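So you can see what is in the structure, the chains are spelled out below.
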Amino acid sequence: MEHQNNINERLKVFQSFIGQEVNNSPSNFMNWLKPTVISAEKGSLHCSYVVRLEMTNPYGILHGGITAGIIDDLIGATVFTLGLNNAYTTVNNNIDYFAPAKEGDIITAKTSIIKQGKTIINLQCDVFLLSKNRLIARGYSNMINIG
């Protein structure tokens, strides 16, 4: 069992943002996405996002590329919070899109580790439309240890 005083510093930073918008992440993209941290645990981050006009496609719905970016960014942040000594980068993303979200909607994204090996970590991220508790996308990613 992990004791509270053994939690790594990177995770503590995310935990300090619970209930607040992240605005000073090492990821400039995360700062642009403006997530609000709902929870931060070892191996899992849960954030909410407001769909802004610049996140929408010509049909006025959340752009699939932004959804992919949210998934990739939050999965990367999840690996970052593990406090591992080596850096990891994305090998691949596989995303299924199920339903739209529109400008002004609040969406949530929650990550989990499926399998953590020595070289590859496989993670999942589910994105929900908060008002309807509807799954709008699910993404899987493999992150590789690059030293």
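Residues numbered from 1 in each chain as written. Predicted model: local features only at pLDDT ≥ 70, side-chain atom pairs only at ≥ 80, totals over all residues. Heavy atoms only, no water.

## Things to note about the pattern of salt bridges
Pairing between side chains becomes possible if they bear opposite charge and their charged atoms approach one another. Taken as a whole and judged by the stated rule, the model has 4 salt bridges. Of the charged contacts, one joins Glu54 and Arg52 as a salt bridge, the two residues approaching to 2.8 Å between their closest N and O atoms. Residue classification places Glu54 among the partly exposed positions, given a relative accessible area of 47%. The exposure class assigned to Arg52 is buried, which follows from its relative accessible area of 16%. Across the pair Asp105 and Lys102 runs a salt bridge whose closest N-O atoms are separated by 3.5 Å. For Asp105, a relative accessible area of 13% corresponds to the buried category. (Salt bridge = Lys/Arg side-chain N within 4 Å of Asp/Glu carboxyl O. Buried < 20%, exposed > 50% of the residue type's maximum accessible area, 1.4 Å probe, protein only.)

## Quick look at the packing of aromatic side chains
Given two aromatic rings, their pairing is described by the distance between the two centres and the angle made by the two planes. In the structure shown here, the tally under the stated rule is 1 aromatic pair. An angle of 15° between the planes, with centres 6.0 Å apart, marks the rings of Phe29 and Trp32 as stacked. Highlighted residues: Phe29 and Trp32, both in helix H2 (residues 28–33), separated by 3 residues, approximately one helical turn. You can call Trp32 partly exposed: its relative accessible area is 32%. Sitting over the ring of Phe80, Arg10 keeps its end group 4.4 Å from the ring centre. (Phe/Tyr/Trp six-rings, centres within 6.5 Å; stacked < 30°, edge-to-face > 60°. Helix = DSSP H or I, 4+ residues; strand = E, 2+ residues; numbered from the N terminus. Lys NZ or Arg CZ within 6 Å of the ring centre and 35° of its normal.)

## Comments concerning helix H3 (residues 64–80)
In this model, H3 (17 residues) spans 24 Å end to end at C-alpha, consistent with the 24 Å of a helix rising 1.5 Å per residue. All of the buried residues along H3 are Ile66, Thr67, Ala68, Gly69, Ile70, Ile71, Asp73, Leu74, Ile75, Ala77, Thr78 and Val79. (Expected span 1.5 Å × (residues − 1).)

## Comments concerning the environment of Arg10
With respect to the secondary-structure elements, Arg10 resides in helix H1 (residues 9–16). Separated by 74 residues in the primary sequence, Arg10 and Leu84 have C-alpha atoms spaced 9.7 Å apart. Excluding its chain neighbours within four sequence positions, the residues that come into contact with Arg10 are Phe80, Thr81, Gly83 and Leu84. (Contact = heavy atoms within 4.5 Å.)

## Re the environment of Ile120
Mapping Ile120 onto the fold places it in strand E5 (residues 120–129). Separated by 23 residues in sequence, Ile120 and Met143 have C-alpha atoms that sit 5.5 Å apart. Ignoring any residue separated from it by four or fewer positions in sequence, one finds Ile120 in contact with Val91, Lys115, Asn142, Met143 and Ile144.

## Focus on the state of the cysteines
Scanning the model with the defined rule gives 0 disulfides in all. Cys125 provides the cysteine sulfur closest to Cys47, a residue in no disulfide bond, and the two sulfurs are 8.9 Å apart. Given the relative accessible area of 1%, Cys47 is considered buried. (Disulfide = S-S within 2.5 Å.)

## Focus: the sheet that holds strand E4 (residues 106–116)
Paired through their backbone hydrogen bonds, the strands of a sheet run either parallel or antiparallel. The 6 strands are arranged E1-E2-E4-E5-E6-E3 in an open sheet whose pairing can be described as antiparallel. A single partner strand is all that each edge strand has here, and the edge strands are strand E1 (36–41) and strand E3 (88–97). Strand-to-strand twist in this sheet, taken as the mean axis angle between neighbours without regard to direction, amounts to 20°. Two elements, E5 and strand E6 (residues 134–145), share 10 bridges in a ladder whose sense is antiparallel. Within E6, the residue paired with Asn122 across the bridge is Asn142. In the packing of H1 onto the sheet, the strands contacted are E1 and strand E2 (44–50), and the crossing angle to E1 comes to about 145°. (Pairing = 2+ DSSP bridges. Axes fitted to C-alpha atoms, helices over the stretch in contact; angles between N-to-C directions.)

## So, the nonpolar core
Core analysis: the largest hydrophobic core is formed by 36 residues, its most contacted members being Tyr49, Leu62, Leu74, Ile107 and Val127. Looking at this core element by element, the count peaks at 8 residues for H3. Setting aside chain neighbours within four positions, we find Leu74 in contact with Met30, Leu45, Cys47, Tyr49, Ala109, Lys110, Thr111 and Cys125. (Core = buried A, V, L, I, M, F, W, Y, C linked by side-chain atoms within 4.5 Å.)

From the geometry alone we can't say anything about function, so treat these as descriptive.
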